Each structure stands twice: as structure tokens, then as C-alpha cells.
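# Coordinates in review
Take a look at the letters that make up each chain.
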Amino acid sequence: MATSDSEVDVVIVGGGFAGVTAARELSARGRRTVLLEARDRLGGRTWTKDHDGHPMEFGGTWVHPLQPHVWSEIHRYGVETETFPVLEGLRQAVVSDGRVVDLSDDDAARALEALDQFCAPGMTLFPEPFAETLGPDPDGLADRSLREQFDTFKAEPALRDWVEGMCCTIAFGPLEQSGATEVFRIYALAGYSAEQTMAALSATKLVKGTRELINSIAGQATLADIRLNSPVRRVVQSDGGVRVELESGETVSAPTALIALPMNVLNSVEFEPPLSEIKRTASADRHAGAGMKCFVRVKGDIGNVSIVAPEAQPVNWLVTYAHGPEGSWLIAFASNPDKLQMTAFDDVRGMQTALQPLLPGVEVESIVGWDWSNDPHALGTWCIYRPGQLAKVLPELRTTEGRLFFAGGDSSNTWRGFIDGAIESGYYSARHIHDYLT
Ligand SMILES: Cc1cc2nc3c(=O)[nH]c(=O)nc-3n(C[C@H](O)[C@H](O)[C@H](O)COP(=O)(O)OP(=O)(O)OC[C@H]3O[C@@H](n4cnc5c(N)ncnc54)[C@H](O)[C@@H]3O)c2cc1C
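Cut-offs applied
- Residues numbered from 1 in each chain as written.
- Predicted model: local features only at pLDDT ≥ 70, side-chain atom pairs only at ≥ 80, totals over all residues.
- Heavy atoms only, no water.
- Helix = DSSP H or I, 4+ residues; strand = E, 2+ residues; numbered from the N terminus.
- Rg over C-alpha atoms; globule rule 2.2 N^0.38 Å.
- Buried < 20%, exposed > 50% of the residue type's maximum accessible area, 1.4 Å probe, protein only.
- Contact = heavy atoms within 4.5 Å.
- Pairing = 2+ DSSP bridges.
- 1 Å grid on protein atoms, 1.4 Å probe; cavity = no way out; pocket = protein on both sides within 12 Å on 5 of 7 lines; lining within 4 Å.
- Points joined across faces, edges and corners; volume = space filled by probe spheres on them.
- Nonpolar A, V, L, I, M, F, W, Y, C, P; charged D, E, K, R; others polar.
- Near = heavy atom within 4 Å.
- Polar contact = N/O pair within 3.5 Å; in protein donor to acceptor, adjacent residues only side chain to side chain.
- Phe/Tyr/Trp six-rings, centres within 6.5 Å; stacked < 30°, edge-to-face > 60°.
- Lys NZ or Arg CZ within 6 Å of the ring centre and 35° of its normal.

Across its full length, the protein carries 12 helices and 20 strands. A compact globule built from 438 residues should have a C-alpha radius of gyration of about 22 Å, and the protein, at 22 Å, falls within 12% of that. Dimensions along the principal axes, computed over C-alpha positions, put the protein at roughly 65 × 55 × 40 Å. Every one of the 438 residues in the protein was classed for burial, and the buried ones make up 60%. If you take every contact in the protein between residues at least 6 apart in sequence, the share linking residues at least 24 apart comes to 72%.

This is the structure:
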């Protein structure tokens, strides 16, 4: 629906899960919004792209019943889910001491026990993972990097390497730049259980892709005027309201605005008056999530594999997406893309070299995916705070500034860094904006 400025209650900047959920929630409260999205699609860091006959998720993928907000949306719209990766015949392995070590079911269970042990010190830090406050921290865990925490961890080599590889995959950035809090928090949210942590992170996806869910939510944002290809350049606040200026030169004004941008992108919009120093510093420092996820087509039937590798390796998790005699699609996760030594995102030869330690002899044919860290509208992958950022940044990122409200998966109190957190922040901000306007 098209809306004239005088009728708009809220300008929403950003059409990821946070912004779109807020638009629907505000519609439900009778509030008119204009949602400005820079891209030619909704969904932001989730993006279902059809390729080679498959709906591939270039960004956010996995969901789980332990994530209450996204799960409730899945039920609300009757979105179909499936187990992924397929467990039948799944070969699990870890790269340890330069060799691929296959994991029996018993080994896999022991690997989970090792992850439980690794996460145990963080349990006191998150006694109530859905609450805003941290628990006691006599050892200064909140300021520790995952690398520092990992250096204190003892386990037999293959299990240690598996836990390190999982930490790389969760952090999706160099371990020395990622806060130990981030793994501890996810573990706490998953009921202080390594098994449930793994399930929440990588067991269930949407059959038709995340686009079905975001489109369902957007479809009920009945009082929202959704404008794609509308990058915002400047946001000016005055006593009378907020004026949002687009790159195109157009403006949209309203009594309030909801900024639903990634943390790393906040500084690419000019705010007048400027945002708080903490928000600006957080955006300049960025969170640590800067890895590379891509779909790799390889020759032959690789079967169902899930291979984990520690930080020294360029690829830290390799999992089958689809396979058959005509070839296989694997998903590769590299927490530190510098280690890949690829000349470009689709450098087949570079990826082939990077995969050898995990799948010796594998022959790469093509690569598809998206370079989120160099995407100007994301500047990073999922949100993983740096050491110390949790306490400094989180409370402030959501704090209202005058007529500006803030939402995003990067500032959720709950499943931060996940689709669930983005949806939660959409609920939260819409409620607060409605109260403000009432
Ligand atoms: C590779 C990858 C894998 C992931 N895997 C998972 C997973 O398995 N499970 C999970 O739950 N989560 C996953 N995530 C995280 C999840 O995708 C995000 O946490 C969530 O989608 C964030 O939603 P958001 O609305 O807060 O931000 P975004 O989705 O980033 O939305 C922000 C929007 O703002 C727009 N924008 C930016 N600048 C401007 C501007 N100037 N003007 C107007 N619009 C602008 C962007 O285009 C974007 O659409 C993954 C993310 C990535 C990148």
C-alpha cells in the first residue's frame, strides 16, 4: 500500500526479519509504516536463492523449537520444516593432527561431552539466559576471547580439535576476536546442553527456505508501505518528528523511526543529531562475525558428511547439502576467510586446496554464495560480540534516542545473532513504539 507522509506513524529502516516483524506488529496495532529496504528483496542476512534446482540459503538457515520466537512464527504460518543435515548414513569426522579421524556414534557422544565441559565455566555467567543481567563473573569470563578460554581447555586431541572447530563455526570469526560469552550464551539458551546446542544450531531448516517465512510475515504487514531498492542515506530528528532521506533524494517523514539495521552498518547512515558514542563505537569496531559460508559443487557422490576442523584449517565445517551420482553440493564454513587464500569468492582452485585436509582428493567444480562481510548492507555475518562487547554494547544498542527506536538480531537479549533474535527485537520495538505514540 502507498502512504502519504502525513499518514505515516513510523519509518522503518531495514527489511530483515527485525524490520519486517516490526512492520507487521505495528500494523496489528493500527500503526502505519513505511519500510525502506536498500536491497531489491526482503530478508537481509537471510536469502533463499534458487540454484541448480535447489533453494539454497546463502545466509541464515537453521531454526529450532528452542528458539521460541521463530518457532512460533513457523507455526503461525504453517511453514514446513525438515531435518538437515540428513542423519541417515551421516559420516561424522574431525581433522586432527593433520588427519581425518572418523567419529563413531560413541566418539560423537564423547565430543558432545567435551563441548559440555568446555562450556561449563560459563554456566554461572548466564543463570537466566533470557534475562538482561549477567550472573557473577569472578574470573572475568565476560572479557575473555574464545581463544583465551580455549587455551585453558583440556581434552584428548581429536575431541579438543572438534570442540575448537565447533567454536570456530559458532563464532564465525577468528577465536581471538570472538567473546567466550557468545558460545556460553548459546549453550545456556539451549538448556546448558551440548546436544541441544548442536540441535539448535544445525538440525532443522525450512523446506522452501527462509523466504517463505519472511514473505508470510510481510504479507500480514497490512498497514506497511514496503519500498525496496530504497537505501537510506540520512536520518534527521527534530522536536517535530523524524525525516529520513534516501540516496535517491526522496524523503519520508513520521513522528518516529525504527532503525532495524545491522550493528556493523549503523555508521553508514548519517544521523542528525549523531547516535550515542557507544552505538557509533560498536558499529566502527564491528562484531566479530566475518566468516564465509558458501555452497561448493564437487564431483561424484560424497554421501552425507559432517566434517569439523580446528582453527588452523581454512575450512572449519563441511556438510553435505545434496548428493547423487552426478555430483554433490557441500556447504563450507570458513571462520577466517583470510586462511582460504582464494583470489575471489568463486575461486574453484583455491577452494579445492582448502578442502583437501577435510576431504582428500575432492574435486571442486563451482562455488555459489554471498560475501556478507563485503556486502555494504551487512558488513558481516551473524552477530558474535568481541570480548567485552556484551556488557558495553548490548544494553545501549537497543536504547531509544529521542524519536529513534532500534531493533535487530544483533541486539537481541535472547538468541542474538539468530533469526529468532531478530523477530524478538521486532516484537519488542513495535510494542515500545506503539506505547510511545499512544
Ligand atoms: C552466512 C550466515 C548464516 C547464518 N546462519 C543462521 C542460521 O543458521 N540460523 C539463524 O537463526 N541465523 C543465522 N544467521 C543470522 C541471521 O540471518 C541474522 O541474525 C538475522 O537475519 C538478522 O536479521 P536483522 O533483521 O536483524 O538484520 P538484517 O537481516 O541484516 O536486515 C537489515 C536490513 O537492513 C537493510 N539495510 C542496510 N543498510 C540499509 C540502508 N542504508 N537503507 C535501507 N536498508 C538498509 C539490509 O539490506 C537488510 O535487509 C546467519 C547469517 C549469515 C550471514
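We now examine the pairing of strand β16 (residues 305-308). The side-chain alternation of β16 yields two buried faces, one formed by V305 and I307 and the other by S306 and V308. In this structure, strand β6 (residues 91-96) lies alongside β16, joined through four bridges in parallel fashion. Bridge pairing in β16 links Q92 to S306. When β16 meets strand β17 (residues 317-324), the two strands line up antiparallel, connected through three bridges. When the bridges of β17 are listed, S306 appears paired with V319.

Right, let's get into the layout of surface pockets. One number sums up the size of the second largest pocket: a volume of about 540 Å³. Along the wall of the second largest pocket there are 22 residues; nearest its centre are L87, L90, Q92, M198 and S202. Taken together, the elements giving at least two residues each to the lining of the second largest pocket come down to β6, α3 (105-119), α5 (157-171), α7 (194-202) and β16. In terms of residue class, the lining of the second largest pocket is made up of 16 nonpolar, four polar and two charged.

With respect to spatial proximity, 38 residues lie near the ligand, and among them E37, R45, W62, G409 and I419 are the closest. The side chain of E37 places a nitrogen or oxygen atom 2.6 Å from an oxygen atom of the ligand. Taking W62, its main chain carries an N or O atom lying 2.8 Å from an oxygen atom of the ligand.

So, about the packing of aromatic side chains. Taken as a whole and judged by the stated rule, the model has 18 aromatic pairs. For the ring pair W62 and F84, a centre distance of 5.7 Å and an interplane angle of 15° mean the geometry is stacked. In this pair, W62 sits in the loop between β4 (54-57) and α2 (68-76) while F84 sits in the loop between β5 (81-83) and β6, placing the two residues 22 residues apart along the sequence. The residues W62 and F84 share a single accessibility class, namely buried. Its end group placed over the ring of F84, K205 keeps NZ or CZ at 5.4 Å from the ring centre. A cation over an aromatic ring shows up here: R398 above the ring of Y428, its NZ or CZ 4.2 Å from the ring centre.

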